[in-house]
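The primary structure of each chain is shown beneath.
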Amino acid sequence: MANLGDVTRITSGIALNTLVNETLDFVRKQLAGWRDDPDRPEEEAEEKLNSNLCDYLNFRARHSYPMAVFHHEEFQTGRRRIDLSVKTEHAIVAGTRKFTKYDPYLVIEGKRLPAPTKDREMEYVTGREEVSGGLQRFKLGLHGATLEIAAMVGYVQDDDPNAWLVRINGWITALNGTDCSKGCHWSSCEHIGDYRLTKRARIASGTSSHPRTSAASPEIKVRHFWICMRKTRRRKKKGDRDNLSSPLS
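The following refers to the structure shown. The structure presented is a predicted model; accordingly, all values stated were derived computationally and were not measured.

About the cut-offs
Residues numbered from 1 in each chain as written. Predicted model: local features only at pLDDT ≥ 70, side-chain atom pairs only at ≥ 80, totals over all residues. Heavy atoms only, no water. Pairing = 2+ DSSP bridges. Helix = DSSP H or I, 4+ residues; strand = E, 2+ residues; numbered from the N terminus. Axes fitted to C-alpha atoms, helices over the stretch in contact; angles between N-to-C directions. Contact = heavy atoms within 4.5 Å. Buried < 20%, exposed > 50% of the residue type's maximum accessible area, 1.4 Å probe, protein only.

Focus on the sheet that holds strand S6 (residues 106-113)
And then number 1: If you walk across this open sheet you meet the seven strands as S2-S3-S6-S7-S10-S9-S8, and the pairing is mixed. Lying at the two open borders of the sheet, with one neighbouring strand each, are strand S2 (68-75) and strand S8 (193-198). The average angle at which neighbouring strand axes cross in this sheet is 25 degrees, direction not considered.
And then number 2: Pairing geometry for strand S7 (residues 149-156) and strand S10 (residues 219-228), over eight bridges, is parallel. By the bridge assignment for S10, Tyr155 is matched with Ile227.
And then number 3: Across the sheet, helix H1 (residues 16-36) is in contact with S2, strand S3 (81-88), S6, S7, strand S9 (203-211) and S10; its angle to S10 comes to roughly 15 degrees.

Regarding the pairing of S3
Side-chain positions along a regular strand alternate between the two faces of the sheet.
And then number 1: With respect to burial, S3 is a largely interior element, seven of its eight residues being buried.
And then number 2: Adjacent in sequence and paired antiparallel, S2 and S3 are bridged by five residues, among which Gly78 carries a positive phi angle near 65 degrees.
And then number 3: Across three bridges, the pairing between S3 and S6 is antiparallel. Paired with Ser85 across the strands is Val107, a residue of S6.

Now the structure itself:
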């Protein structure tokens, strides 16, 4: 791949899926550091969490992943906006596609778990007629319409990732065979699988695939990252000082 600092050349020679998956791995590796950052404001609101995460990812990318530039509130289909998008500072050709500083090669939706109100309980999956669901918007091509891979970050503010895996897959099962909004047909085949939990970091990941009816690709694969946001205290060990406050491990 060409030197990313060369602004006059188009970088080429990388598969698009390779670029996207490398970026997703970068994001996953930064989540615990962002949550545990002592300078991070203590926020619970979804928009502020998304904005703060974007700031942190940009800071880390400048030091260790300089080809990626993260943006908050990227416009998508119509007037809809995705929470985070990833672009490159310099033009690249990935696979058969050219991406410039104006073209996201990855988009990320952030959702609180649980949703802030009972009537939005299933919003990680669907908002029904409101079309506010994370997976729902990807399925309808309202988010990431030109992409084949996208991501969701779940801010776990209650319970744990294991419980949320069961709950979210249960919602998808309950939707099986239904159309909760025009053109959004659900199947149990869309369950989140390949689930992995890193206990020390308290971060889980998974993958799901979803058919689409109005987008450039007939299917979109979604990578899921769930991060426990509640802080804990480590147990006091013999010889420890009285100040027991510590970041999540």
